[in-house]
Structures are given as structure tokens and as C-alpha cells.
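Secondary and tertiary structure notes
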Amino acid sequence: MISLNGKRILLLVSGGIAAYKSPDVVRRLRDAGAEVRVIMTPSATEFITPLTLQAVSGHAVRCDLFDPTAEAAMGHIELARWGDAVVTAPATADFLARLRLGQANDLATAVCLVSAAPVLVAPAMNQQMWQHPATAENLAALTARGVIICGPGSGSQACGEVGPGRMAEADEIVSAVARIFATGRLAGRRVLITAGPTREPIDPVRYISNHSSGKMGYALAIAAHEAGALVTLVSGPTVQTKPEGVTVKSVETAAEMYSAVMQELETTEIFVGTAAVADYRPEFASAGKIKRDGSALELRLVPNRDILAAVAASANAPFTVGFAAETDNLIANAESKLQRKKLDMIAANLVGGHEIGFNSDDNELTVLWPGSSKVLERAPKLRLARSLLEVIVERFESRNSGSN
Ligand code: C5P
């Protein structure tokens, strides 16, 4: 259960249709124990009324920078200093532009300039506005300045179009706010994990895949979230439940997993590839179901791209951790993968038996990095994931401090 007990959140609402979801954000922040005060931009009041947000927040809502009565009660400087975090949901394209420029032409932006507290924005806008280079530049500048971006999601939009720009769901926003206050060793760090198998279609009903259950990757995502990281999990098809507070991107094929990883790479600081990515895919997937005619069937397979190696070879590569699932010569094979793929670390585990590895609840790992190694004894996957994460964090920190 997420706790924001005693935290004071300034919620800014700017003028977009997603403002109709802001009362739910307030409600959930309060459910988590936060005290919430709301500021609306003048255009936000075109979409919902201050009275609605007053009712759910339990405080009068401020809309006007020059309201003498409100200023006498709590001036805008005082109000800005009151907040432990400043959250804007929804943040329109216009609001982001003004925030980037440091404008203070309404109460909401003025408060952002005054406050020294962490700022989180949940963008919401038409998909074309979101994809416009101007918005992308504003986002990049705000990210570089430490502003936390939550969402947006993709899907059907109020304007009738389909694409990225839907405001993150209220519970995602609350999780992202909670991460601001997380104190773990990975607080605020961005961790990207791949998990599960991939499916390579042969025809519309058949595919090539493997026995990976995704358990190890999901356990690592939980452990990284517990340590305060902002976790994205790119997951092949599994039956695992979405870990709370983790952003999950579901994919099917290795090619989709590759694209999803590459999209996240720029902001990733630690990458862990636990996925059992299919090494090959059928060169052609048949459009219709292949019929049996009694004769032999030949499938020509072509190699998939190695996601892990591509991540390790990318410019500004994150701290890159691979997995080596082997049936024999565990350490020698893992050593050679560590070097060949130029990884910072590799976790090797035996597969093929029933007790550990693929699809089992327990696992044991030998973790190798250039110059050393460590054995993590057999344990349930979540406990093992926590131990592995500790080793990762130690190496990551020592690489960052340049003392490796
Ligand atoms: O070479 P091998 O497939 O055994 O390496 C396993 C490691 O490489 C795992 O971390 C797996 O996630 C990653 N991998 C990948 N893309 C591939 C194949 C493997 O990221 N196409």
C-alpha cells in the first residue's frame, strides 16, 4: 500500500479535457494520506469547476494570482513553500512550454518558480501536439532540469484521434509521487528490465517460444521498485501480475521488445535483460493458417537482433546486466557472454532441471562482472532478486564514483 502520510501536495490543474480526471487524482492522493491543495489555471476552470476540486480536496481552490482575499489568507509565496511536491495533472502543451520558459503569468506557473520542491508533470494533450518537436524539446529541457514526467499513455483521445497523449492514470500518478519520497538506494533511478519469453509467429495461430515464465524479471522489477527506482518492465507474454508502481509495456515478438527497449533507453540508468528472447524467428509468417498435407514442412529461421548487446553498445549505455541461462558449462559460457556483449555484469543460472531456473519458484545465480564474481545461493526468486539488486547497486555506485 502506497503511503504519502503527512505529505503536502500542491496539485496544479491546467486547461485540458483530462482535467475532468483531476478530482480522482486528488482523491487518491488523499487516500494515500497526503494533504492536497489545488491551484487551477484560468483555462482549467473552463473544463471543471473549482467547487468540485474544493469538495474533494477539503480546501478552497486558488485560481487567481491577484485575488486579494486569498492572498491575505495564504500568499502565493507561502503556498509554494507549503508543498512538499508540486504535481501538475493534467499538464497541457501550453503549460509545459510556460514551465520550460520560467514564466509566471498565472498562479500555477508562479508557484512552480517559487517552489524548491520536486516538480512532477502528467502531460495530456492531442497526440500530434505531444509529438510536435516543440513539445519534445520542452520535455527534454524539463527532464534535464529534474522535472519528473509521468506518462502520457497511448490510446483513444477525447478529440477522436488515437495515439500518445492520454494523461497517466490516477494510480500511476500517485505511485510516481510516492517515488519522489522513496528513500531506497535506487531512489529516483530509472531502471529498465525485460522479462518473459517472446513469441515468434509461424502463422496466425502458431509461434516459436520457450519456457520462460517471467518470474525472475517481475521479481527484479518489484525489488527495484522497493529500492525506490522508477521501473519500466518490457514484458513478453506471461501470466505474472503487474507489480504495483511499475510501468509495464507488453510485447509479443523480439522485434517489438527491441523497439520498446530502444524507446526507453535514453533515460535508462540501469538495464537488466532477464527476458528469454527468441534467438530466431521464422523468416516469413504465413498470413493464413498453414494446412497439414502430410509432407515435411521446412521453416527457414533468421536471427533476431540481440537486444542486450545493442543496449551495451549504445551511446551513453546504461549499467547493463545480462542473464545467461545455460544447460552446461555455466560459468565459462557466462564469462564469454560478459565479454562478447561488453556487459557490466551477468547473472548465470542453470536451466533444464525442474527445481531452479525457468518456470520454477526458486533460483540460484552466479553473478559475474569484470574481475570478480559472487554466488547467490538458492532462494525464492523475490529474495534472490533483492540480493541480485544489491550486487547491481554496489557495482553501479562504484562505477559512478569511478572507483571500479
Ligand atoms: O546469448 P544469450 O541469448 O544466451 O544471452 C542471454 C542474454 O541476452 C539475456 O540477458 C537475454 O535477455 C539477452 N538477449 C537479448 N536479445 C536477444 C537474445 C538474448 O537481449 N536477441
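As shown above, the structure is provided for reference.
All of these numbers come straight from a predicted model, not from anything done at the bench. (Residues numbered from 1 in each chain as written. Predicted model: local features only at pLDDT ≥ 70, side-chain atom pairs only at ≥ 80, totals over all residues. Heavy atoms only, no water.)

**Some details on the pattern of salt bridges**
To be explicit about the condition: When a carboxyl oxygen of Asp or Glu is within 4 Å of a side-chain nitrogen of Lys or Arg, the pair counts as a salt bridge. Exposed residues in this analysis have more than 50% of their type's maximum accessible area, buried residues have under 20%, and partly exposed residues fall in between, with area computed by a 1.4 Å probe over protein chains only.
Taken as a whole and judged by the stated rule, the model has 17 salt bridges. A salt bridge links R62 to E71; the nearest nitrogen and oxygen atoms lie 2.6 Å apart. We classify E71 as partly exposed; its relative accessible area is 22%. For the salt bridge of E169 with R166, the shortest nitrogen-to-oxygen distance reads 4.0 Å. For E169, a relative accessible area of 37% corresponds to the partly exposed category. Salt bridges linked by common partners bring D24, R27, R28 and D31 together as one network.

**Details of the environment of L233**
Counted only if it meets this: Helix and strand assignments follow DSSP, with helices taken as H or I runs no shorter than four residues and strands as E runs no shorter than two, numbered in order from the N terminus. It only takes one pair of heavy atoms within 4.5 Å for two residues to be counted as in contact.
Locating L233 in the fold gives a position in strand 11 (residues 230-235). L233 gets classed as buried once you look at its relative accessible area, which sits at 0%. Sequence-wise, L233 and T92 are 141 residues apart; in three dimensions their C-alpha atoms are separated by 27 Å. Filtering out sequence-adjacent residues up to four positions away, L233 remains in contact with I193, A195, G217, Y218, A221, P243, V246, T247, V248 and K249.

**Thoughts on the sheet that holds strand 5 (residues 148-149)**
To be explicit about the condition: Two strands are counted as paired when DSSP detects at least two bridges linking them. Helix axes are fitted only over the stretch in contact, all axes being lines through C-alpha atoms; the angle between N-to-C directions runs from 0 to 180 degrees.
The strand order across the open sheet built from five strands is 2-1-3-4-5, with neighbouring strands paired in parallel fashion. The open sheet terminates on both sides in strands that have one partner only, identified here as strand 2 (35-40) and strand 5. With four bridges connecting them, strand 3 (residues 85-91) and strand 4 (residues 119-123) associate as parallel partners. Bridge assignment links A91 to a residue of strand 4, and that residue is P123. Sheet strands touched by helix 9 (residues 170-180): strand 1 (8-13), strand 3, strand 4 and strand 5. Its angle to strand 4, the strand with the most contacts, is close to 160 degrees.

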